[in-house]
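Coordinates in review
Residue-level listing of the chains:
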Amino acid sequence: MWGVRGRGIGYSAGMRDTAVNAHYQQILGDTSPWSVSEVRLDVEHLVNEVRLTVRPDTIWACPKCQNRMHIKEWRTRRWRHMDTCQFKTVLEASVPLVECSEHGAQTVQVPWAEGSSRFTLFFEQFAVQVLEACPTARASELLKITWDEADGIKQRAVRRGLARRHVTGLKYVCVDEKAVGRGQDYMTVVTGVIGGDPRVLYVGDGRDEAALNGFWEWMGLEACAGIKAVSMDMSQSYQNSTRRYCPNADLIFDPFHMMKMLNRAVDEVRRREMSIGTGSERDALKQTRQMWLWGEENLPDRHAARFEVLKKSSLKTARAWRLKELWRTFRACIDVDDAHAFFLKWYKLAMQSKLEPLKKVARSFKAHLAGVVTIFKHGFCNSLAEGVNSRIQLLLQKSCGYRNRQRLKTDILFHFGGLNMDPLAAQ
Ligand SMILES: [Zn+2]
């Protein structure tokens, strides 16, 4: 329908071209001081080229001093725009490199794209939506861009979102370590509730004090003073970091992590019993590993009959399991005093169990008792953050191929940061 040059099937220049140019100008919105001057359909390569030119009398002013800038040179740049039918739409324009005598050389920013991106803002907006909805490989296939280009769009989106985000009035945060890959490599993920939803606020390298310090530094001292409680595992480094930066924060030891410690202890008891138990004990324990780790109500029906006998047996593993299941009722405590009383009873039973792995965990809980019971003071439950954590876990599992740490951090913030990444949205 529009002018196809040199292939004998188009219309001649004139009214038709003007109408097509105006049509594209309308699609692109305000592109001043450039305007659409030519639209050319390359049928052979399925490309629709839109040429923009700048008015020759344009005066370029320095953004810092408003003085007139002189053009040093022109560079031809191209940007991919949204497809038209099956045709790739590409914008092309000459962009000046200008120079202010005081503030030096600057590349002029075009209004339809960001920085040195090779995509228009419209295209990036669409790409962000596609990337949010499917894995990078699939998204780049749909968008007909390379994996690296898709990654670049993501990184710009996250940078844009982070620059726009203002976290105010934050009272509670959850800190969690995440294992990356198969090795002993870790990340520190900080989650907070913003506008009623759990959001990843920060991703730090490693799981030491410095990994969390970075988050507090980013928050600033004033905001840190407003933090009332921080949920974490029992690692010393997170405790140290929080105590150092947040003078008014209570430490809460995450019930999920305490449960993990207990489950590990139960499993250790089972393994020892498997290796040094009598023949009948070893037979009884065969292929029961997971049964002891599920919460009782989550045990699949197919194991119910066997486990009914096992759990009442005199096996050491069964004794450890009963202590673990008893601990699970801790969350039903009504306040700090109640939690305290419950703990003392449970601790006594654990110490009497003669099961060294359980005793070790019980001692560790006792050493951190203040942070074990504080959860009932704040009524703050990190089940919200747990939802995000399990989704991050899924992301980590799905993509063991994260060779690049920065990419993983970008992906976590891209998907779970709740950021406003729309390139066309108001700042
Ligand atoms: Zn200047």
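Every chain is numbered on its own, with residues counted from 1 as its sequence reads. Since the coordinates come from a predicted model, pLDDT governs what is reported: local features require at least 70, and pairs of side-chain atoms require 80 or more to be given and counted, while whole-chain, interface and lining totals use all residues. With hydrogens and water set aside, each side-chain value is computed from the structure's full complement of heavy atoms.

Description of the coordination of the zinc ion
Using the following cut-off: Sites may look incomplete, because water is not among the atoms used; the donor set itself consists of N, O and S atoms within 2.8 Å of the metal (3.2 Å for Na, K and Ca). Four donors are marked tetrahedral only if all angles between them lie between 85 and 135 degrees, whereas four are marked square planar and six octahedral if opposite donors are more than 155 degrees apart and the other angles lie between 65 and 115; the remainder are marked irregular.
Listed as protein donors to the zinc ion are Cys 62 (SG), Cys 65 (SG), Cys 100 (SG) and His 103 (ND1); their distances from the metal cover 2.2 to 2.4 Å. Metal-centred angles of 104 to 118° between the four donor atoms at the zinc ion mark the site as tetrahedral. For the zinc ion, all donor residues lie on one chain, and their spacing in sequence is C-x2-C-x34-C-x2-H.

Details of the side chain of His 378
Here is the rule we go by: Secondary structure follows DSSP: runs of H or I at least 4 residues long count as helices, runs of E at least 2 residues long count as strands, and numbering of each begins at the N terminus. What qualifies as a polar contact is a pair of N or O atoms within 3.5 Å, subject to a donor-acceptor requirement within protein and to the restriction that residues adjacent in sequence count only when both atoms come from side chains. Should any heavy atoms of two residues lie within 4.5 Å, those residues are considered in contact.
Looking at the element boundaries, His 378 is found in helix α16 (residues 375-378). A polar atom in the side chain of His 378 sits 2.8 Å from the side chain of Asp 250. Other than its neighbours up to four places away in sequence, His 378 contacts Tyr 172, Lys 228, Ala 229, Asp 250 and Ile 252.

Looking at the pattern of salt bridges
Note the threshold: Criterion for a salt bridge: a side-chain nitrogen of Lys or Arg within 4 Å of a carboxyl oxygen of Asp or Glu. Classification of residues uses two cut-offs on accessible area relative to the type maximum, computed with a 1.4 Å probe and protein chains only: under 20% is buried, over 50% is exposed, and between them is partly exposed.
Scanning the model with the defined rule gives 35 salt bridges in all. Among the salt bridges present, the one from Asp 197 reaches Arg 199, with a minimum N-O distance of 3.7 Å. Under the relative-accessibility criterion, Asp 197 is labelled partly exposed at 36%. Given the relative accessible area of 25%, Arg 199 is considered partly exposed. One salt-bridge network, in which partners are shared between bridges, spans Glu 38, Arg 40, Glu 49, Arg 51, Arg 78 and Glu 92.

Details of the environment of Glu 297
In this fold, Glu 297 is placed in the loop between α10 (289-293) and α11 (301-311). Taking the C-alpha atoms as reference points, Glu 297 and Thr 374, separated by 77 residues in sequence, lie 27 Å from one another. Among the polar contacts made by the side chain of Glu 297, one reaches the side chain of Arg 328 at a distance of 2.6 Å.

A word on helix α13 (residues 336-352)
Condition: By definition here, a helix of n residues has an expected span of 1.5 Å times n minus one.
The end-to-end C-alpha distance of α13 is 24 Å, a good match for the 24 Å that 17 residues give at a rise of 1.5 Å each. Residues of α13 that are buried sit in contact with α8 (255-276), α12 (316-327), α14 (356-367), α15 (369-373) and α16. Of the residues flanking the start of α13, the one acting as N-cap is Asp 335, its side-chain oxygen 3.2 Å from the backbone nitrogen of Asp 337. A positive phi of about 60° marks Lys 354, the residue just after α13.

Some points on the pairing of strand β10 (residues 250-253)
Basically, it comes down to this: Pairing between strands is defined by DSSP: at least two bridges between them are needed. Think of it like this: strands point away, you trace from the first strand over the helix to the second, and a clockwise trace means the crossover is right-handed.
Pairing analysis gives four bridges linking strand β9 (residues 229-232) to β10, with the strands arranged parallel. In the strand pairing of β10, Val 230 is matched with Leu 251. Viewed along the sheet, the connection from β9 through helix α7 (residues 236-245) into β10 turns out right-handed.

Topic: the nonpolar core
For the record, the criterion: By convention a nonpolar core is built from buried Ala, Val, Leu, Ile, Met, Phe, Trp, Tyr and Cys residues, the set being connected through side-chain atoms within 4.5 Å.
Among the nonpolar cores identified, the biggest contains 59 residues, and Phe 215, Trp 216, Trp 327 and Trp 346 are the most heavily contacted of them. In this structure Trp 346 touches Leu 262, Leu 323, Leu 326, Trp 327, Ala 362 and Phe 365, once residues within four positions along its chain are discounted.

Description of the sheet that holds β9
The condition is simple: Between N-to-C directions, angles span 0 to 180 degrees; the directions come from axes that are lines fitted to C-alpha atoms, helices contributing only their stretch in contact.
With mixed pairing, five strands are arranged side by side in an open sheet as β8-β7-β6-β9-β10. Of all strands in the sheet, those bounded by a partner on one side alone are β8 (197-205) and β10. If you compare each strand with its neighbour and ignore which way they point, the axes differ by 25° on average. As paired strands, strand β6 (residues 172-180) and β9 are joined by three bridges and run parallel to one another. Paired with Cys 174 across the bridge in β9 is Ser 231.

Nothing here speaks to function; it is geometry throughout.
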